[in-house]
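The residues making up each chain are set out below.
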Amino acid sequence: MPSSREEVASLGMITVIGSYNGKSMQMKGAQIKVADENGMYYSQDGVLFKKGDGGNSLVAYPSAKAEKEYIVPEGVVETLEGAFAYTEVEKVTFNEGFTTLGKYTFSYCTALKEVTLSSSVTSIGYLAFDGCTNLQKLTSNAVTPPTLNSDYEFSGSSSLVLYVPTEVYSSYSNWSEYVKTIHTIDNTYYISANKEWE
C-alpha cells in the first residue's frame, strides 16, 4: 500500500496536471485528478486523498494550486508524509475528527502563515513544520496538547505564536521551548520565555 507521494505518482490512474518531483516531495501541478475506477484514491478540488476504513488521508496538496487558503474536508483523519510540503498555501484549517499530522506535512511551506488544528488533533509528526519561515500563528483547540515527535517540529518558525484554549493554557507550557509565545485563544494569558503573565 503506497505511503509516500512518490509511490502514489507511479500509480497509473492518477494524473498530476503539471509535473512531479518525487525527490523533493513536490507535486508541481495545479490539480490532481484520479480515474473513476480507482478504488483507493480520490481527488476533491484538485487535492489527492486516500480512502480508509477509519477515515481518509490527505496525500497531496498541489504546489501550484491557486487557492491560498484551504479547509481540510470532514472525514479526513490524517495527512501523509509531506502532504503540503513545498506548496504555496498560506492558511490551513483542520476540521473536527482530524487526529494526526504526518511527518514533514508542511515542510518548507515558506508562504504558510496560519494553521488551525481541531480539538481532536493528538499528534504532530516529525519535522511537520520544518522550514516554515513565515508561520506566525498556530491555533490548537486540543484540550490535551498534541504529542510532538521531535524537538524540531517548528524549526525555522522563529516568530510563531501558539494559541490554545484558556482553560488548559498551562498544559502547553513545555511548548515554550519550541514556539516564541503561547497565548490563550481569548488573549487572557500568555507564556513566553518560560514565564507566565496575566
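Everything below is about the structure printed above this text.
Keep in mind that what you see is a predicted model, and the values were worked out from it rather than measured.

Caption draft 1: Inspection of the side chain of Ser123 at higher detail. Along the chain, Ser123 turns up in strand β13 (residues 123–124). When sequence neighbours within four positions are dropped, the list of residues in contact with Ser123 reads Thr99, Thr100, Leu101, Pro146, Thr147 and Asn149.

Caption draft 2: Structural detail: the nonpolar core. Membership of the largest hydrophobic core comes to 38 residues, with the highest contact counts inside it found for Phe84, Phe94, Phe106, Leu112 and Phe129. Secondary structure elements with two or more residues in this core: β6 (47–50), β8 (69–72), β10 (91–94), β12 (114–117) and β16 (161–164). Beyond its immediate stretch of four places on either side in the chain, Leu112 contacts Val89, Glu90, Lys91, Val92, Phe106, Phe129, Cys132, Asn134 and Leu135. One finds Ile32, Val34, Leu48 and Ala60 within the second-largest nonpolar core, a separate group that totals 7 residues.

Caption draft 3: View of the environment of Asp186. Tracing the chain through its elements places Asp186 in the loop between β17 (181–184) and β18 (190–192). Looking at Asp186, the relative accessible area reads 46%, which means it is partly exposed. For the pair Asp186 and Pro165, spaced 21 residues apart in sequence, the C-alpha separation works out to 7.9 Å. A polar contact of 2.8 Å, which involves the side chain of Asp186, links it to the side chain of Thr184.

Caption draft 4: Local environment of the pattern of salt bridges. Using the criterion set out here, one finds 1 salt bridge in the structure. Between Glu67 and Lys65 there is a salt bridge, with its nearest N and O atoms 3.1 Å apart.

Caption draft 5: Just unusual backbone geometry, in detail. Look at Tyr86: it is not a glycine, yet its phi comes out positive at around 65°. Structurally, the position occupied by Tyr86 is in the loop between β9 (76–79) and β10. Given the relative accessible area of 30%, Tyr86 is considered partly exposed. You will see that Leu127, though not glycine, has its phi angle at about 50°, which is positive. In this fold, Leu127 is placed in the loop between β13 and β14 (137–140).

Caption draft 6: Representation of the environment of Val121. Within the element layout of this structure, Val121 appears in the loop between β12 and β13. Residue classification places Val121 among the buried positions, given a relative accessible area of 1%. A sequence separation of 19 residues divides Val121 from Ser140, and the C-alpha atoms of the two residues are 8.1 Å apart. Setting aside residues no more than four positions away along its own chain, Val121 makes contact with Phe98, Thr99, Ala142, Thr144 and Pro146.

Cut-offs applied
- Residues numbered from 1 in each chain as written.
- Predicted model: local features only at pLDDT ≥ 70, side-chain atom pairs only at ≥ 80, totals over all residues.
- Heavy atoms only, no water.
- Helix = DSSP H or I, 4+ residues; strand = E, 2+ residues; numbered from the N terminus.
- Contact = heavy atoms within 4.5 Å.
- Core = buried A, V, L, I, M, F, W, Y, C linked by side-chain atoms within 4.5 Å.
- Buried < 20%, exposed > 50% of the residue type's maximum accessible area, 1.4 Å probe, protein only.
- Polar contact = N/O pair within 3.5 Å; in protein donor to acceptor, adjacent residues only side chain to side chain.
- Salt bridge = Lys/Arg side-chain N within 4 Å of Asp/Glu carboxyl O.

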